[in-house]
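Okay, here's what each chain looks like letter by letter:
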Amino acid sequence: MTIKPEDAVRYELRDGVALLTIDFPPVNAFGQPMREGMMLRLDQAVSDPVAEAIVIVGAHDRFIAGADIREFGKPKVGPELHQIFERMEQSPKPIVAAIDGHALGGGLECALAASYRVAASRAKVGLVEINLGLLPGAGGTQRLTRLAGPQVALDLILNARHVPAPKAKDLGIIDAVTDGDVTAAAIAFAKARLAQGGPWPLAIERTDKIQNVDPRIFEEVRAKNAKKWTGLVAPFEIVKCIEAATTLPPRDGLAFEREAFKVCLESPVREAQIHLFFAERAAAKVEGSDGVKPRTIKSVGIIGAGTMGGGIAMSIANAGLEVKLLDMSQEAIDAGLARVRKNYETSVSRGSTTQDKVDAALGRIDGVLDYQAFADVDLVIEAVFESIEVKHDVFTKLDAVCKPGAILASNTSALNIDRIAEVTKRPGDVIGLHFFSPANVMKLLEVVRGDLASMETVVSAMAFAKTLGKVPVLAGTCFGFIGNRILHRYGSEADVLLMEGATPSQIDDALKAFGFPMGIYLMRDMAGLDVSYRVRRNKAAVGELDMNSIFYNPIADRLCEDGDYGQKTGKGYYAYEGRNATPRPELEEKLRIISQEKGIERKPMTDEEIVWRILSAMVNEGAKIVEEGYAQRASDIDVAYAFGYGFPKYRGGPMFWAQQQGLATVFAKVKEYEARYPERWKPAKHLEERAQAGAGWNR
Ligand code: 3HC
């Protein structure tokens, strides 16, 4: 449905004030009709003889979510944001922005171009463009810096902070905060200022906060963040713009910002980050679920007070839900709760939460010893030992005590959910909730749907993830689900590269240079090599793993046989002093022997070759996952990797990366690897089809 400009921004006179109500669903983003509507209504208000002042408000308790992100990269049509804001500044009548909900990006920029800002106390404001690989390009860097000073602007814009209205008032961004109706408050505010008389203040004309700014603050912020900003464009441009606000006249500063915005807009980083923005929202949607309502979840039982169970308990209690944390002994519960308290203490000491919030959250976690305590809970999540027998025992007990309609979830990272569900009389209510460690921190939550799960259970689990502030991705119940299945595939490809001539540190360095926070071997060392060693031996014993295969690299087994389990023993793929890892030259000799045993010739390898092999393995496996229906769409894989596996967000995820390279190019690489290793590399049909179609992913 197309919305007309006059409907996108409505006009009404109230008590001698022109009320401009923005109503452009879903979130009042500045799409073309809304921009045209703003111009139209501003002119109408200025020329209306009855209107003495203008109030801009958003319908449905939300102000403006910023520019319309869908329009980026497309030809510009209609008035531009900066033109609207300049028109606002030229108004002879005072303009008050009445902010409820969110004023983000271009939304806050609009408010900053008004003479005054009145906000509901629950409202939040922020210039969050950096999350999209952009900068505030409609005057935000200039007006905010002039209003609140460069330090505040740097902090808010570089960290994409959503600032609560009362705090924004303390910072000088908001003029008044109300607990009542924001429109009424804004009209009253406008009338009070009218009574006092003009001139009406403009943020862009303020100079008091940009006097005597020490230019070293900009250099310091660049130096401090150099590592964090590797590969990014926007943060550097933002710093330049804020600096420009302190040195250039207003109109020159605005022009400078517009040029810097273009630099960001044209960079592939922007495309990748905007892809992820929409991918994250798409991932939350379940195909075929129209009309299915989620069940209400207010109380949750957790089984297992270990690190994982405790982390899950924290994230649930933080969201305001009641938690019953069960373990087998009081000692285990006490130890678990002590760990939870310690984690919270660390968060308070870092300033990431307050003691009051922690006390409230802790008050919602109750340690219990008896399954009967779960009789009334809406959802139970088990986080016990990964053994199908243990899970069967747990789910049989849950089936006996939990109320009808309660959802029974497993945090398994490996077992088939349907095999777990089968022991209950309610397999439709059983689902996988695969949290990532530390569960109170990691954003990704894989919701694992077995064939037996009902749509209502799936939808409820996805909604529950949102309640926790997690990013849910729906996976089918295949080996490793989405994330670990791909990890397993590219991990084993890395192991082959080690036999072909690479070293662990070379692979890790190549992945880091690509943008991963750490490489795969450092990650394995941190996790400890012993557990997977035991798993491999068990698998080999029952014929599930062929250790004699040419492609099986026994390096990890040899490390474990030497007692080198990784960071915890001081040696693994690296040697450690504390947490400091250094490469182990002696490993090269071990690898040389292995290559010889397997008859593989070692050759020098470039970082580019390493990255292509590993990324192609990820993409090919990802395409198989989509083709087999274990992921709903390719972009879900990007979301899982960006939010759970450290894939650099500025590259948009592995599937997006492939699309940027050209699917035909990636397919050609996969074919090249297949020619070399036909047993290992089977091109995904889906990749082949999409490469031949000459377009991107279609699902
Ligand atoms: N443009 C276009 N669509 C947007 C949008 C935007 N700015 N913000 C949200 N949407 C869409 C979403 O894609 C989603 O669409 P869908 O229903 O088809 O999936 C729908 O609006 C609802 O979004 P959410 O699910 O995120 O709704 P919530 O209520 O959970 O959150 C919000 C609302 C806090 C406003 C959140 O949507 C958000 O953070 N939006 C992005 C804000 C932002 O980044 N603004 C800056 C834009 S860039 C800019 O302004 C440049 C300027 O400086 C020149």
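One can find the structure itself at the top, above this paragraph.
Summarised in this report is the structure supplied together with it. Along each chain, residues carry numbers from 1 onward, in the same order as the chain's sequence is written. For a predicted model such as this one, the threshold for reporting local features is a pLDDT of at least 70, and the threshold for listing and counting side-chain atom pairs is 80 or more; totals across whole chains, interfaces and linings nevertheless cover every residue. Calculation of side-chain values draws on the structure's entire complement of heavy atoms; hydrogens and water are dropped beforehand.

1. A closer look at the sheet that holds strand S8 (residues 116–120)
The strands making up a sheet associate through backbone hydrogen bonding, with each pair oriented either parallel or antiparallel. Note the cut-off: At least two DSSP bridges between two strands are needed for those strands to be called paired. Strands here are runs of E lasting at least two residues and helices are runs of H or I lasting at least four, both read from the DSSP assignment and numbered beginning at the N terminus. Each axis is a line fitted through C-alpha atoms, taken for helices only over the stretch in contact, and angles between the N-to-C directions span 0 to 180 degrees. Any two residues whose heavy atoms approach within 4.5 Å at even a single point are treated as in contact.
With mixed pairing, six strands are arranged side by side in an open sheet as S1-S2-S4-S6-S8-S11. Strands at the two margins of the open sheet, each flanked by one partner only, are strand S1 (9–14) and strand S11 (176–178). Neighbouring strand axes in the sheet, compared pairwise and without regard to direction, differ in orientation by 20° on average. Across the sheet, helix H2 (residues 32–47) lies against S1, strand S2 (17–22), strand S4 (53–58) and strand S6 (95–99), angled at about 25° from S1, the strand it touches most.

2. Things to note about the environment of Phe643
Assignment of secondary structure puts Phe643 in helix H26 (residues 634–644). Taking C-alpha positions, Phe643 is 9.3 Å from Lys470, a pair spaced 173 residues apart along the chain. Excluding its chain neighbours within four sequence positions, the residues that come into contact with Phe643 are Glu280, Met442, Lys443, Leu444, Val471 and Lys649.

3. Re the nonpolar core
The test is simple: By nonpolar core we mean a set of buried residues, namely Ala, Val, Leu, Ile, Met, Phe, Trp, Tyr and Cys, connected to one another through side-chain atoms within 4.5 Å. Relative accessibility decides the category of a residue: with a 1.4 Å probe and only protein chains considered, values under 20% of the type maximum give buried, values over 50% give exposed, and everything between is partly exposed. Per the annotation, domain bounds derive from an automatic or database assignment of domains.
By size, the foremost hydrophobic cluster in this structure holds 95 residues, and its most contacted members are Phe374, Leu398 and Ile507. Element by element, the count of residues in this core is highest for helix H25 (residues 607–627), at eleven residues. Of the residues that make up this core, three or more belong to each of domain 2 (299–479) and domain 3 (484–692). The contacts of Leu398, once residues within four sequence positions are left out, are Ile303, Tyr371, Phe374, Val380, Leu408 and Arg426. In terms of nonpolar packing, the next biggest core, distinct from the first, is built from 92 residues, Ile3, Val17, Ile64 and Ala119 among them.

4. Some details on the site of the ligand
Rules: Any residue with a heavy atom positioned within 4 Å of a molecule or strand is treated as near that molecule or strand. Throughout this description, a polar contact denotes any pair of N or O atoms lying within 3.5 Å of each other; where both atoms belong to protein, one of them has to be capable of donating a hydrogen while the other can accept it, and for residues adjacent in sequence the pair is counted only when both atoms sit in side chains. All accessibility values rest on the Shrake-Rupley procedure with a 1.4 Å probe; residue burial counts only the protein chains present in the view. Note on residue classes: Ala, Val, Leu, Ile, Met, Phe, Trp, Tyr, Cys and Pro are nonpolar, Asp, Glu, Lys and Arg are charged, and everything else, Gly too, is polar.
The environment of the ligand is made up of 26 residues, and the closest members are Gly106, Glu109, Glu129, Arg281 and Lys285. A distance of 2.8 Å separates a nitrogen atom of the ligand from a polar backbone atom of Ala67. Taking Ile69, its main chain carries an N or O atom lying 2.9 Å from a nitrogen atom of the ligand. Taking 1,000 Å² as the accessible area of the ligand by itself, protein coverage stands at 75%. Sorting the residues of the shell around the ligand by element identifies strand S5 (66–67), strand S7 (102–104), helix H4 (106–113) and helix H12 (268–283) as the ones contributing at least two each. Top contributing element to the shell around the ligand by residue count: H12, with three residues. When the residues that make up the shell around the ligand are grouped by side-chain class, the tally is 14 nonpolar, five polar and seven charged.

5. A look at empty space enclosed by the protein
Note the cut-off: Only protein atoms enter the calculation, which uses a 1 Å grid: trapped sets of points that fit a 1.4 Å probe without letting it out are cavities, open sets showing protein on both sides within 12 Å along at least five of seven lines are pockets, and any residue with an atom within 4 Å of a point is a lining residue. Grid points are joined across faces, edges and corners, and a volume is the space filled by probe spheres set on the points.
Under the counting rule described, the total for this entry stands at one cavity of 30 Å³ or more. Of the pockets and cavities examined, the largest cavity occupies roughly 40 Å³. Surrounding the largest cavity, His82, Glu86, Gly137, Ala138, Gly139, Arg143, Leu254, Glu257 and Arg258 form its lining. Every element with two or more residues in the lining of the largest cavity is listed here: helix H3 (81–90) and helix H11 (250–265). Residues of the lining of the largest cavity, tallied by class, amount to two nonpolar, three polar and four charged.

6. Some thoughts on the sheet that holds strand S16 (residues 407–410)
Spatial ordering of the open sheet is given by S14-S13-S12-S15-S16-S17-S18-S19, a layout of eight strands whose pairing is mixed. The two strands at the open ends of the sheet, each matched to only one other strand, are strand S14 (365–368) and strand S19 (471–476). Going from strand to strand, the sheet's axes swing by 25° on average, the running direction of each strand aside. Relative to S19, strand S18 (residues 444–449) is paired through six bridges, and the arrangement is parallel. Within S19, the position partnered with Val447 by the bridge is Leu474. In the packing of H26 onto the sheet, contacts are made with S18 and S19, and the angle to S19 comes to roughly 125°.

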